[in-house]
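A look at the structure
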Amino acid sequence: MIETIGRNEPCPCGSGKKYKKCCGAKEAVSITHLLESEIDELQKRLLHFALDHYEEEVYTAFEDFQDHFHIDDEEERQFYEFVYTIWFSLFYPLDNEETILEHFIASEARKIKRPKLKLILQSWTDARAIAGEITNVDNNVLTVVDGFSSERFEALVPSTPKSFEKGTFFVGFLLPFNQMHVFFPAPFDLPNLPFNQAIDFIEEKSLLADYESPQEFFTDFFMEIMKDLTEVGGMVDIDGMEWASPIYKEIAGIFKRSLEELGERAPTVDIGIILWFQYCEKKQKRIKNPNLYVAAVHYLMTMIDHMEAPLTQKEIAKLYGVPVGSLSSTYREMEAELEEEINRIIELSYEEANDIDDLFDTIPFNPNQGPMPTEQIMQEVLAELQGHDLGTMEEVNEFLNKKLSAPTPKKAPKTNKERAQQLIYDAMEAHGSQRYKLAQEALHLDSNCVDAYVILAENADTDEEAMMLAKKGMEVGEKELGKAFFKNNKGHFWGLIETRPYMRAKAVYADAVYQLGYVAVAIREYEQLLELNPNDNQGVRYLLFAVYIKEGLLSKAETLLKRYEEETAHGLYNKLLLELCKNGTTEKAAKLLTYAKKINPHVISFLSGKKRIPMHLPKGYGWGDESEAIVYVDSCFQLWEKVEGLKEWLKKH
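Residues numbered from 1 in each chain as written. Predicted model: local features only at pLDDT ≥ 70, side-chain atom pairs only at ≥ 80, totals over all residues. Heavy atoms only, no water.

Section: empty space enclosed by the protein
What counts here: Computed over the protein atoms alone on a 1 Å grid, cavities are sets of points where a 1.4 Å probe fits but cannot get out and pockets are open sets with protein on both sides within 12 Å along at least five of seven lines; a residue lines them when it has an atom within 4 Å of a point. Grid points are joined across faces, edges and corners, and a volume is the space filled by probe spheres set on the points. Counting from the N terminus, the helices are DSSP H or I runs at least four residues long and the strands are E runs at least two residues long. Side-chain classes follow a simple rule in which Ala, Val, Leu, Ile, Met, Phe, Trp, Tyr, Cys and Pro form the nonpolar group, Asp, Glu, Lys and Arg form the charged group, and the remainder, Gly included, forms the polar group.
The final tally for this structure, using the stated rule, is one cavity of 30 Å³ or more. Arg541, Tyr542, Phe545, Leu560, Leu561, Tyr564, Glu566, His570, Gly571 and Asn574 are the residues that line the largest cavity. Going through the elements one at a time, α23 (540–550), α24 (554–563) and α25 (569–583) are the ones with two or more residues in the lining of the largest cavity. Residue composition of the lining of the largest cavity, grouped by class: five nonpolar, three polar and two charged.

A look at the packing of helix α10 (residues 290–304) against helix α11 (residues 313–320)
For clarity, the threshold we go by: As a rule, the C-alpha atoms of each element are fitted with a line to give its axis, helices using only the stretch in contact, and angles between N-to-C directions run from 0 to 180 degrees. In what follows, roughly perpendicular refers to angles from 65 to 115 degrees, roughly parallel to angles under 35, roughly antiparallel to angles over 145, and oblique to any angle outside these ranges. Handedness of a crossing is defined here by the sense of rotation of the near helix relative to the far one, left-handed for an anticlockwise turn of less than a right angle and right-handed for a clockwise turn. Any two residues having at least one pair of non-hydrogen atoms within 4.5 Å are treated as being in contact.
With their axes 9 Å apart at the nearest point, α10 and α11 run at an angle of 150 degrees to one another. The angle between α10 and α11 falls in the class roughly antiparallel. Here α10 runs over α11; the crossing is right-handed. On α11, the residues that touch Asn291, Val294, Ala295, His298, Tyr299 and Thr302 of α10 are Gln313, Ile316, Leu319 and Tyr320. Grouping the constituent residues of the contact of α10 with α11 by class yields six nonpolar, four polar and no charged.

So, the environment of Asn178
Keep this limit in mind: Throughout, exposure labels follow a simple rule: accessible area from a 1.4 Å probe, protein chains only, divided by the maximum for the residue type, with under 20% read as buried, over 50% as exposed, and the rest as partly exposed.
Along the chain, Asn178 falls in the loop between β4 (169–177) and β5 (180–183). By relative accessible area, Asn178 is classed as partly exposed at 42%. Spatially, the C-alpha atom of Asn178 lies 9.9 Å from that of Leu35, the residues being 143 residues apart in sequence. Sequence-distant contacts of Asn178, defined by excluding residues within four places in its chain, comprise Leu35, Lys116 and Ile120.

Structural notes on the nonpolar core
For the record, the criterion: Definition of nonpolar core: a set of buried residues of the types Ala, Val, Leu, Ile, Met, Phe, Trp, Tyr and Cys, connected through side-chain atoms within 4.5 Å.
Among the nonpolar cores identified, the biggest contains 87 residues, and Tyr573, Leu576, Trp640 and Trp649 are the most heavily contacted of them. With ten residues, the top contributor of residues to this core is helix α21 (residues 500–515). Ignoring anything within four residues of it in the chain, the contact list for Trp649 reads Leu576, Leu580, Thr585, Ala589, Ala590 and Leu593. One finds Tyr84, Tyr92, Ala127 and Ile225 within the second-largest nonpolar core, a separate group that totals 61 residues.

Description of α23
Most of α23 is tucked away: eight of the eleven residues are buried. Along α23, the positions that sit buried rather than exposed are Val540, Arg541, Leu544, Phe545, Ala546, Val547, Tyr548 and Ile549. Lining the buried residues of α23 we find α21, α22 (519–532), α24, α25 and α28 (626–641). Positioned one or two residues after α23, Gly552 has a phi angle of 75 degrees, which is positive.

Printed below as a string of structure tokens:
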């Protein structure tokens, strides 16, 4: 327990004098000093309290974080475990909706005799996670600027031997302390990460996660963001590399500065520098015009990576003041020389997307995304079937069994249409800029390649552009199939392989027009997709149900649910949601909730706020498990948020 110091007691400074004749003579200064010491002690007590009373909750939650980020290094694991315990104690609501901090304050406040210290402790409920810049250092007091609100704070750093530099980006936790703040325990600085780049990164992530407030997003996902930020900044040290010639190093520096000014991501810059270094190791060129090679590396990166500010070859030539022809020939030479290295980078990017599930590139299975490998196989089998005279179903089955047991080598595509389709299948397996490059090549070979328009719509800069590309693909698909085909095959479209590109284009078009506010058009497109394919292999019913609810078309939503009765999280919880929207928290709603919980109880934890939807969604899911709950709540959370008194009602049931 923290005790006050009597005036006749020995002074805690160790002088041997009584407190009133030593530090007590400078009351204002000594009280501040004592408060700082006691604040430091309170922070330690809070951590002990958390682990004494809530160790299982803290470590269970941390294990999920650790497993997701594959933290194997013991020292790194201990660091993140320590920070996670602080974040969890300050911000994570327990089953009773209170945080560990609130429980600690209730327990500790009555033990504290000094009124000022008690008030400080009680003010800690206003703790905040902060991402900002250190603008001034005065001993152990830092002046910092919040990156989201631009607020300026003076914050004490208790008992830390570490020194901090002005202009450094940091993340951390601030607690109120009289008229200023105190860090808990100290800011975690990233001196090599530019402040603006870090804040832009967090704000972009918050938008992708559909948060209106970057601050709220940062608080909720502090640990994930903190881990991600360590990989945002550039890792390549140009000065530390052994360049064969000073001019090569100069070109690397110009490239780095140029791309940073354009707002490109640090990993993109790093890859460009590494490729340039490898090229210099292979080709000892005598360089007269450095800008020509900077331009060539820049253009090379636009071909192999998804750039934040993509430029055409002509625009890059203009940027560096070099002839387009010279840029083109230098780029081709560089690409040929680095073919093996470039292919390896593309492979690593693919592996990383599978391992890390990057928020910018990786999303759960999307039925509109494109042909799966089985679709390609089906195309090949159908093509072979057309070349055989098979009169009965038995003969067809015999042929298929032979084909599956002893598959024949792939035949090289002969026509431009076939070559374009093969490029599309390759694109479906590719990531980043390579995916869109292949789609462009396919469209060049076959202007009627519907899936090429679908893929390019993914990469559109605006919803308007996505809508136009998808619409073009849809129109081409309609023309290719013909009006009679629609009439004769309505009702089982997806079962016919040749219809799938058109169906994908139509789904993308519906999504785009809805984002642009053309609700009636989007509903028409979704409804037509279900008419063409009542089996709904694309999952259109889930999108359409959400639109119906958002637009208040509850009778249509009810009809849709009756049409697709299913014992899944989507089916049962959507039925409950509809009842709550129509009639409120009725007895029927309670019964629907009980049954839905039996099928998947995990959904409730996310709807009630006990658990947060992770930033990185699962790649797939099984019926009734937590991954299914995550996918469902992520797609419908905004609909549930509008239900008044939802959390209170869920607590009672």
